[in-house]
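# Descriptive analysis of the structure
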Amino acid sequence: TAKKRGASQVVVFEPQMLAETVERLDLVADLQRALQQGDLRLHYQPLVDLRSLRPVGVEALMRWTCPRRGVVPPDEFIGIAEESDLIVDMGLWALREGVRQLARWRCDFPGLGLNLNIAPRQLLDRDFVSHVADTLLIEGVPAAALTLELTETAMIRDPEMAGHQMTRLKDLGLRVAIDDFGTGYSSLSYLRRFPVDELKIDRSFINAMNRSAEDLALVRTVIDLAEALRLQTVAEGIEDADQLATLRTLGCRIGQGYHLSRPLVPTAAAEYLQTAQDKPRKAPTSPRPQP
Ligand code: C2E
Ligand code: MG
Ligand code: MG
Ligand code: MG
């Protein structure tokens, strides 16, 4: 079938496009049900101080096991949810669930922070800032313990509203991170224009830096830039000891990745935090050879 658009444009719909649209609507319906029935979960990936290897916080990552589809990875449902208003309700759920969990953990691990991923639609929602403020108040968590991870998309889509919301969040005392830094389209001037505390270097650069001089230069440049602007750097996707060593040499303070820990279910994350706390402050030195 062909549909006329305006005077000259003709858009042809292939049967496959219809199938894809139906599948998307179907997924949104299942996701809506999952949210209502409490089938969404948060897993937590430790953020680690690269010098001491002690966890300083955790990033909350959404997980969905659908009764019909099985485990659906975030890359397959977050994007589709972001195209509809559903992401706003899902994000609100994650905010409440994550901050409630953080409040419990902070009884045993007082300095612990939480990083939460925020979709553009959420940030641009006029009620978002008051939802965040209310949640922190209800759970008794200080604003400085919460870092909101934004992508450059929201800042490009509506710079004025994004800046306004970010300023309100900063006024409450929250921290703001730019996620997947280096993959977006924003210019460096955005870093001055928007109140940002943290840059998360995208894992594609970390993954390539020990194989490619260009990627290494990029990572080094981001770390130096962040230091000059007094921003914290977080390296994403550290998968081996060589990457960890490189990042330490470059002066990157914080990191996360499978080499340090995978995202964990809440009980396993608590165990990880406990084990790290029980460890002696200094790594035990190996016995000196006797003269
Ligand atoms: P992200 O925020 O950049 O999260 C980091 C992703 O990298 C996570 O994927 C994490 O599991 C993965 N990762 C961590 N360490 C490693 C590593 O060493 N190697 C590799 N290969 N991957 C690593 P995940 O959990 O599949 O989430 C994918 C994306 O979905 C997230 O990317 C984020 O953009 C989005 N997302 C997840 N949860 C939420 C949420 O609650 N709200 C929103 N708006 N988006 C979310
Ligand atoms: Mg993130
Ligand atoms: Mg990221
Ligand atoms: Mg990502």
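Per an unreviewed UniProt entry, the chain carries the name Bifunctional diguanylate cyclase/phosphodiesterase and comes from Paractinoplanes rhizophilus.

## Focus: the overall build of the chain
Of regular secondary structure, the chain possesses twelve helices and eleven strands. Taking the principal axes of its C-alpha atoms as reference, the chain extends roughly 90 × 45 × 40 Å. Contacts spanning at least 24 positions in sequence make up 67% of the contacts within the chain whose residues lie at least 6 apart. Total accessible area on the chain is roughly 16,300 Å²; 52% of this is exposed by carbon and sulfur atoms. Side-chain charges of the chain comprise 35 positive and 40 negative groups, with the mean position of each set lying 3 Å from the other.

## Brief notes about the site of ligand 1
Taken together, 22 residues sit near ligand 1, with Asn117, Asp179, Arg203, Glu239 and Tyr258 positioned nearest. In the environment of ligand 1, an oxygen atom lies 3.1 Å from a nitrogen or oxygen atom belonging to the side chain of Glu59. Residue Asp179 places a side-chain N or O atom 2.8 Å away from an oxygen atom belonging to ligand 1. Calculation on ligand 1 without its partners gives an accessible area of 810 Å², and the protein chains cover 86% of this total. If you map ligand 1 onto the pockets, it falls in the largest pocket. Residue composition of the shell around ligand 1, grouped by class: eight nonpolar, four polar and ten charged.

## A word on the pairing of strand S3 (residues 40–49)
Most of S3 is tucked away: nine of the ten residues are buried. Of the pairings in the sheet, the one linking S3 to strand S4 (residues 55–66) comprises nine bridges and is antiparallel in character. In the sheet register, His43 faces S4, and the bridge partner there is Leu61. Between S3 and S4, which follow one another and run antiparallel, lie five residues, and Leu53 among them has a positive phi close to 60°. In this structure, S3 lies alongside strand S11 (residues 254–255), joined through two bridges in antiparallel fashion. Across the sheet, residue Val48 finds its bridge partner in S11, namely Gly255.

## A short note on the coordination of the magnesium ion (ligand 3)
The protein atoms donating to the magnesium ion (ligand 3) are Asp179 (OD), Asp180 (OD), Glu236 (OE) and Glu236 (OE), with metal-donor distances spanning 1.9 to 2.7 Å. A separation of 4.0 Å is found between the magnesium ion (ligand 3) and the magnesium ion (ligand 2), both of which receive a donor from Asp179. Using a relative accessible area of 7% as the deciding quantity, one classes Asp179 as buried. Since its relative accessible area comes to 26%, Asp180 is described here as partly exposed.

## Re the packing of helix H5 (residues 128–139) against helix H7 (residues 159–172)
Remark: H5 packs on H7, axes separated minimally by 10 Å, with the N-to-C direction vectors making an angle of 15°. By the angle between their axes, H5 is roughly parallel relative to H7. Two packed elements cross with a definite hand, and for H5 against H7 that hand is right-handed. In contact with Phe128, Val129, Val132 and Ala133 of H5, H7 contributes Gln165, Arg168, Leu169 and Leu172. Taken together, the residues that form the contact of H5 with H7 break down as six nonpolar, one polar and one charged.

What counts and how
- Residues numbered from 1 in each chain as written.
- Chains lettered and ligands numbered in written order.
- Predicted model: local features only at pLDDT ≥ 70, side-chain atom pairs only at ≥ 80, totals over all residues.
- Heavy atoms only, no water.
- Helix = DSSP H or I, 4+ residues; strand = E, 2+ residues; numbered from the N terminus.
- Contact = heavy atoms within 4.5 Å.
- Areas by Shrake-Rupley, 256 points an atom, 1.4 Å probe, with all protein chains shown as cover.
- Lys, Arg positive; Asp, Glu negative; His and termini not counted.
- Charge placed at Lys NZ, Arg CZ, Asp CG, Glu CD.
- Near = heavy atom within 4 Å.
- Polar contact = N/O pair within 3.5 Å; in protein donor to acceptor, adjacent residues only side chain to side chain.
- 1 Å grid on protein atoms, 1.4 Å probe; cavity = no way out; pocket = protein on both sides within 12 Å on 5 of 7 lines; lining within 4 Å.
- Sits in = over half its atoms within 2 Å of the grid points.
- Nonpolar A, V, L, I, M, F, W, Y, C, P; charged D, E, K, R; others polar.
- Buried < 20%, exposed > 50% of the residue type's maximum accessible area, 1.4 Å probe, protein only.
- Pairing = 2+ DSSP bridges.
- Donors = N, O, S within 2.8 Å, 3.2 Å for Na, K, Ca; no water.
- Axes fitted to C-alpha atoms, helices over the stretch in contact; angles between N-to-C directions.
- Parallel < 35°, antiparallel > 145°, perpendicular 65-115°, else oblique.
- Left-handed = near helix turned anticlockwise from the far one by under 90°.

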